[in-house]
Amino acid sequence: MTDALRLVGGRVYDPANGLDGVVADVCVEGGRIVATVPDTARRIDVGGMVVMPGGVDIHSHVAGASVNAARRLLPEEHAADAEPAPALAPGEPRARSGSGGTVPTTFTTGYRYAGLGYTTVFDAAVAPLYARTSHAELDDTPIVDAGFYVLVGNDAYLWQLIRTGDRARAQHYVAWLLSAAGGYALKVVNPGGVEMWKRGHRGRIGLDDPLGSDSLTPRAILDTLCDAAEALRLPHATHIHCNDLGLAGNVATTLATMQALSGRRAHFTHIQFHAYAAAADGRRMSGARDLVEYINQHPEVSADVGQVMFGPATTLTADGVVEYLLYKSSGRKWVNSDIELETGCGIVPHAYRERQAVAALQWVVGLELFLLAADPWRVVLSTDHPNGGSFMAYPELMRLLMDRAYRDECLKRVNATLLQGSALADGLSREYTLNEIAIVTRAGPARLLGLKHKGQLGVGADADITVYMPNPDQSVMFATPRFVIKSGIVVVEEGQLRRAPSGRRLHVRPAHDRTIEAPLRSFFERHATVSFDNYPVGALRDDPVPTT
Amino acid sequence: MPTVDRVEEHVTCLGCGCACDDIDISIHAGRIVDAGRACALGAAWFGDGSAPDRSLVDGLDAGVDASLAAIAELLRRARHPLIFLAPGTSCEVQRLVVGLADLCRAALDNVSSSTVFHSLLASQEIGRATATLGEVRNRADTVVMWDVDAARYPRLAERYAIEPIGLDVPNGRHGRRVISVTVRANTWPGADHHVPVPPGDEVAAVEVLAALLTGTTPRTGEGPAWAVASGLADLLLQGRYVAVLSDAEPSARTAGPPPASGRGAALWRLSQALNDRTRGAVIALRAGGNRTGAESVMTAHAGYPMAVDFAGGAPRYRPHDGTASTWLSRGEVDAALVVGDASALGPDLLARISPAASAVIGPGATAGPLAKGRAAIDTARAGVHESGTALRLDEVPLPLRGFLSGPPSAVDLLAQLTALIR
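Quick notes on the rules
Residues numbered from 1 in each chain as written. Chains lettered and ligands numbered in written order. Predicted model: local features only at pLDDT ≥ 70, side-chain atom pairs only at ≥ 80, totals over all residues. Heavy atoms only, no water. Helix = DSSP H or I, 4+ residues; strand = E, 2+ residues; numbered from the N terminus. Rg over C-alpha atoms; globule rule 2.2 N^0.38 Å. Buried < 20%, exposed > 50% of the residue type's maximum accessible area, 1.4 Å probe, protein only. Contact = heavy atoms within 4.5 Å. Areas by Shrake-Rupley, 256 points an atom, 1.4 Å probe, with all protein chains shown as cover. 1 Å grid on protein atoms, 1.4 Å probe; cavity = no way out; pocket = protein on both sides within 12 Å on 5 of 7 lines; lining within 4 Å. Points joined across faces, edges and corners; volume = space filled by probe spheres on them. Nonpolar A, V, L, I, M, F, W, Y, C, P; charged D, E, K, R; others polar. Domains from an automatic or database assignment. Buried area = accessible area lost by both parts, 1.4 Å probe. Pairing = 2+ DSSP bridges. Polar contact = N/O pair within 3.5 Å; in protein donor to acceptor, adjacent residues only side chain to side chain. Salt bridge = Lys/Arg side-chain N within 4 Å of Asp/Glu carboxyl O. Axes fitted to C-alpha atoms, helices over the stretch in contact; angles between N-to-C directions.

1. Some details on the overall build of chain B
For step 1, the next point in the chain: Summing up its helical and strand segments, chain B has 14 helices and 20 strands in all.
For step 2, the next point in the chain: Taking 2.2 N^0.38 as the reference for a compact globule, 422 residues should give roughly 22 Å; the C-alpha atoms of chain B span a radius of gyration of 22 Å, in line with that estimate.
For step 3, the next point in the chain: A principal-axis box enclosing the C-alpha atoms of chain B has dimensions of 65 × 55 × 35 Å.
For step 4, the next point in the chain: Going through the 422 residues of chain B one by one, you find that 65% of them count as buried.
For step 5, the next point in the chain: Of the contacts formed within chain B by residues at least 6 apart in sequence, a portion of 66% connects residues at least 24 apart.
For step 6, the next point in the chain: Carbon and sulfur atoms form 52% of the exposed surface of chain B, whose accessible area is close to 14100 Å².

Below is the structure:
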C-alpha cells in the first residue's frame, strides 16, 4: 500500500511551504511526497476537503514504566472504555483490542492518535533506566512515528559533574545517556526539585538555591543541559518543565528561568501549569499576559501550552512532590515511585470541572496563552496528555481556538472566582485560522523538533497527510478525518481505520568522548544496581536522526 | 575449578525477583560449570544449562510442527480457552502471548492472581509509594524487613538493602538501622531491632503504624498491635528515608497461615503514610521468572495486570469474578494453554487443568507437570538459550542473553502458533 497516490483537488494547508488553503494535488510515492506520479497512480478525490500534514505531538505521555503504572492504576477507566480491535482492510494483519480512558493501552493509543490524524508522537519523560520498556511499548504502538525525551537533570552523576565544575564532561555524559537510552531529546523536570523531594524537601526551590553544594543550583543544571543540547547540535532544544509547577506566583519562576537561559534555544513545556500570578490573598490568578509578552519578544524561546480540558485526566509526572501535594489535597489514590540515581514519578487521577475555580483558571490561562501568542510557530498545542486531559480532546481544543462564539459560551459556564484580570474574561476576539491550526499542531512542532521531513508537504517530506471534511463544528472535523496517510500508506479511508503499519523510532545518537566511560563505569559499579554493560538499550531498528 | 571455555559476564539471573545482572557464567563443553556471584537460587535457576528438547503430542514424541498444529487445533476448537502466562517467559514472549489471547478471545491470567491478588487489587484502589531497589541501596538509612525470609532473597542484603555503601549512606551497614518484623518468617539475621508480630495482629499493626506516622487516630484501640506499631513508629520517624521490604508472595511458603486479605492494602497505606513526616517506600518482593513482566505486559496491552478475559472481543477485567483457577473449576474455559514454566504453577491450578484439553509451551515443558496433555513443546529458556528482556521486581527492565544453544526459541514458536491460528 505504498503505491503511488494522488490526492486530487484538496485545499492544502502547508504553512512550512507557504500554502494557505491553496487548491492543489498532493502526490505520494515510496512513502514520500513527490512532485508528480504516473497517471496510473491511485487517485483519491479530496475536492472541498482540507489537506494538512499529519499531526505532530511534541509532548505526550504514552509509553513507558510510568505510563504503565498509571494504566495499572485505572481499571475503572478501562472497564468503561473497552476498545475492540478495529476492523482493518482484508488481508491486513488482525488488529488488537485494548482499553481506553485517559491512559489507553499501547495498540489503542496508536489507533486513536492515527484516528485523529496524528502521525508523530513524543513521550516527554522517560527515565533512562526504564528506556527498554518505553521502546517495547512504542514497538506496540502502531502507525505513529515515535520517540521519547530522556529525563536528566536530577540524576546523581550529572550532579557530581556540575559540582566539580566539569561541564565539558557533562556534555559528553548526556550524549552517552541519550545514546544509551535511545532517546530523542533532553528533558529536565523541576530542576533540582525532583531529587530534593526524594530527600524529603517539600517547599519551593529557587533558581539559585544551592542543592547541597554552592556550585549546584537549578540554574547550573539548566545552563549545563541547554549548553549541551547546543554543543551536541541536538535537533530539539532542551525540553524544560520549570520549577514550582502549579503554584500561585510561579509565573515569576518561569520568567526567571527563561531569562536565565536568554539567548539560548530552550523549549518550555506545558507552560499553562507555570503561568500563575499570585493575588494579594495568595490565591492563583492568570499570569499569562506577562509570560506571553516575554515569549513574543524572545525568538529563542518556544513552548507548548499544556491546555487543561474539562473532564477526566490523569496527572503523571516525574515531579513527585507535585503529586504528593495533589494527593494530600484531593484524597485521591496516589502512586509515588522513586527511581534510583535518576528521577522520580508520581501519579494521581484527576478531573477538571467547569465549576471548580482552579480548573476554570487553568482552562482560561491555557487559552490565553494560545490567543495572546504572536508567533504560533513557537507556542504549540499540547494538553500534556494525560495531565491536562486526553489527546482525544485535541479536536475540542481546536474548536475553542477557532470559534470565539463557542468559546465565549463555554466561558460563561466556568467558575469565575479566580478570573479577575484575565485577558480571556476581558474578551479576546482572536480566532485561529486553519493555517494557524496547521502550524500549532504540525508545522510548528515539527520545526521545533528539528524534523525536517515532517509537518510539511514539500517534495521529499514524509508522506504523512491528514484530510478533513470541513464542518461548521471544527471539533467534529478534527475528530473524524476522512483520510490519514502515514509514510504513504492510507491508514484511514473514508473515516475508518483500515491499516495499522508499524511506525518508526525517532532517536538520536550523538557522539561522545569515550574517555568518559571509565569513570562512569566506576560510578555504576559503586552505586548502580544495573551493570554498566547492561544499561544501554543497544541497536534500534531505525537509524538515528542526524544531529548535524 | 573445571576447564572453562568462555565466561559470559553481567548475565541476568531470574532465580528470584531481584534479577541480579552481575552473574559471570563459566561455560565448558556447552554446559554451565559455574555461576559466579549467583546465590543458591540463582545457581539452581541456571543449572548446567542443559534443557530437554522434545515436543510431544498426547505424550508421545512428535515434531514441533505437529505439536504446534495440535495446540492450534486445541485453541481453535475451544469454546473459550484459557491462556496462562507462567513464570519463565521473557517480555517478548509475553507480548506475543497477550496477542494470542486477544486473537483467540481467550481468558488470560498469570500467577499474580494466586500469589499477590489482594495486594495488587489494593494497589489499584489506593495507589502505592514505592521505589526501585537502587533507591534502597543509595538512600535508605532505615530498612524494615517486613516478614522477609532471607533464604528467599539471598542477595537482597548484600546487593540492595543493607550492606552496600550508598550515595546517601556512605557508611553502608553502619549507616543503616535495620528492623526485622517477624510474622511468619524467620527473623532477619543481624537486624538491629527484632519485632515479632502475631499473624492475627499483622494487619492491625500496619494500620495503626500508618495512622501514627500521619498523626491520625488509629481505628484500632490499645492492644498488641498498638504496642508493636508505636514502637515501630518511633524508630521509623527517626529515619530520613525508610524502605519497608515486604515479601509480596509469602503464601509461597509452606509454614504458617496465609496472610489476611487486608495485608496488601494495609502495607500500601503504610507506604503512603511514610511520606508525611519522613520519606519512604514499600517494596514488594517477588519470586523469580519475570513475574513482574507478565503483569506489566498485560497492563500495557490489555489495561489490566491479571485476570483478563477477551471473550467479548475486548479486554474485560474479572478479578472479582474468579481467576484462572475458578474459571477452570466452573468449566467456563474448556481448554488451557500454559506458556512458560508449568512447574512454577500452584498445585490447585495444576489439579484443575484437564490433560485432554491442555497444552504447554515452555522451558522443560515435556518434563513438567503438563507433559501428558494434548501437546507439550520444550522451548529455550530466556536468559540462557534465548535473548530477551525481563523486569526486576521493581519493573526495571534488564536484558536476557542467550549464551548456549538449546531448544527452539519461545518467541519463534509463539509467532508460529499465532500465524497458524490466524
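2. As for empty space enclosed by the protein
For step 1, the next point in the chain: Scanning the entire structure with this criterion turns up 12 cavities of 30 Å³ or more.
For step 2, the next point in the chain: If you add up the space inside the largest cavity, you get close to 380 Å³.
For step 3, the next point in the chain: The wall of the largest cavity is formed by 28 residues, among which A:R72, B:R128, B:T130, B:L393 and B:E395 lie closest to the centre.
For step 4, the next point in the chain: Elements supplying a minimum of two residues to the lining of the largest cavity: α1 (65-73) and β18 (334-339) of chain A together with α5 (117-126), β8 (127-131), β13 (279-285) and α11 (291-302) of chain B.
For step 5, the next point in the chain: For the lining of the largest cavity, the element with the most residues is α1(A), which contributes 4 residues.
For step 6, the next point in the chain: In terms of residue class, the lining of the largest cavity is built from 15 nonpolar, 7 polar and 6 charged.

3. A short note on the domain arrangement of chain B
All names here are of chain B.
For step 1, the next point in the chain: If you check the domain split of chain B, you get domain 1 (55-115 + 289-381 + 406-421) and domain 2 (117-285).
For step 2, the next point in the chain: Taking the mean C-alpha position of each, domain 1 and domain 2 sit 34 Å from one another.
For step 3, the next point in the chain: Between domain 1 and domain 2, the contact holds 12 residues from the first and 7 residues from the second.
For step 4, the next point in the chain: Between domain 1 and domain 2 lies a buried interface of about 790 Å² when both sides are counted; carbon and sulfur atoms form 57% of it.

4. Section: the pairing of strand β19 (residues 343-352) of chain A
Residues and elements named next belong to chain A.
For step 1, the next point in the chain: Counting buried residues in β19 gives 10 out of 10 residues, a clear majority hidden from the surface.
For step 2, the next point in the chain: Neither face of β19 is exposed, since T343, C345, I347, P349 and A351 on one face and G344, G346, V348, H350 and Y352 on the opposite face are all buried.
For step 3, the next point in the chain: Where strand β17 (residues 311-317) lies against β19, 7 bridges are found, and the strand directions are antiparallel. Residue pairing in the sheet places L316 in a bridge with I347 of β19.
For step 4, the next point in the chain: Direction of pairing for β18 relative to β19: antiparallel, over a ladder of 5 bridges. Each residue of the ladder has a partner; that of D338, found in β19, is G344.
For step 5, the next point in the chain: The antiparallel pairing of β18 with β19 creates a hairpin that spans 3 residues between the two strands, and L341 there sits at a positive phi of about 65°.

5. Overview of the environment of B:T187
Residues and elements named next belong to chain B.
For step 1, the next point in the chain: Relative to the helices and strands, T187 resides in the loop between β10 (177-182) and β11 (193-196).
For step 2, the next point in the chain: Here T187 falls in the partly exposed class, since its relative accessible area comes to 38%.
For step 3, the next point in the chain: Counting along the chain gives 41 residues from T187 to W146, while the straight-line C-alpha distance between them is 9.4 Å.
For step 4, the next point in the chain: In this structure T187 touches S180, T182 and H194, once residues within four positions along its chain are discounted.
For step 5, the next point in the chain: Side chain to side chain, T187 and S180 meet in a polar contact 3.0 Å long.
For step 6, the next point in the chain: A polar atom in the side chain of T187 sits 2.7 Å from the side chain of H194.

6. Considerations on the interface of chain B and chain A
How big an interface is tends to be expressed through the accessible area that disappears when the partners come together.
For step 1, the next point in the chain: Between chain B and chain A, the residue contacts involve 64 residues of the former and 59 residues of the latter.
For step 2, the next point in the chain: Both faces combined, the contact of chain B with chain A buries some 4800 Å², and carbon together with sulfur accounts for 44% of it.
For step 3, the next point in the chain: In terms of surface lost to chain A, no three residues of chain B exceed B:R128, B:R279 and B:H301, which account for 13% of the buried area on that side.
For step 4, the next point in the chain: Where chain B packs against chain A, one counts 10 salt bridges.
For step 5, the next point in the chain: For B:R139, the salt bridge identified is with A:E195, shortest N-O distance 2.9 Å.
For step 6, the next point in the chain: If you look at where chain B meets chain A, you find 49 residue pairs in polar contact (both at pLDDT 80 or more).
For step 7, the next point in the chain: Residues belonging to the side of chain B that touches chain A are distributed by class as follows: 24 nonpolar, 20 polar and 20 charged.
For step 8, the next point in the chain: Sheet analysis places β18(A) next to β8(B), joined by 5 bridges and oriented parallel. Along β8(B), the bridge assignment pairs A:S337 with B:T130.

7. Section: the side chain of A:H241
Residue and element names in this part refer to chain A.
For step 1, the next point in the chain: Its location among the elements puts H241 in strand β12 (residues 239-241).
For step 2, the next point in the chain: Within the local environment of H241, its side chain forms a polar contact with the side chain of D319, the two groups lying 2.7 Å apart.
For step 3, the next point in the chain: Here H241 is in contact with K187, V188, V189, N190, P191, T269, H270, H274, T317 and D319, once residues within four sequence places are set aside.

8. Points about the pattern of salt bridges
For step 1, the next point in the chain: Under the defined criterion, the tally for this structure stands at 74 salt bridges over all chains.
For step 2, the next point in the chain: The shortest N-O distance in the salt bridge between A:R112 and A:E83 comes to 2.5 Å. You can see A:R112 sitting in helix α3 (residues 106-115) and its partner A:E83 sitting in strand β7 (residues 82-83), a full 29 residues away along the chain.
For step 3, the next point in the chain: Judged by relative accessible area, which is 14%, A:R112 ranks as buried.
For step 4, the next point in the chain: In this structure, the salt-bridge partner of B:D394 is B:R392, at a minimum N-O distance of 2.8 Å. Of the two residues examined, B:D394 and B:R392, each falls in the buried class.
For step 5, the next point in the chain: It is possible to trace a salt-bridge network through shared partners that takes in A:R32, A:D145, A:K454, A:D462, A:D464, A:K486 and A:R504.

9. Quick notes on the sheet that holds β8(B)
For step 1, the next point in the chain: Pairing in this open sheet of 4 strands is mixed, and the strands run β17(A)-β19(A)-β18(A)-β8(B) from one edge to the other. With partners counted over all chains shown, the strands left at the sheet margins are β17 of chain A together with β8 of chain B, one partner each. For this sheet the average axis-to-axis angle between neighbouring strands, irrespective of direction, equals 10°.
For step 2, the next point in the chain: In the packing of helix α11 (residues 320-330) of chain A onto the sheet, the strands contacted are β17, β18 and β19 of chain A, and the crossing angle to β19(A) comes to about 40°.
For step 3, the next point in the chain: The sheet contacts of α5(B) involve β18 of chain A together with β8 of chain B, and relative to β8(B) the element is tilted by about 105°.

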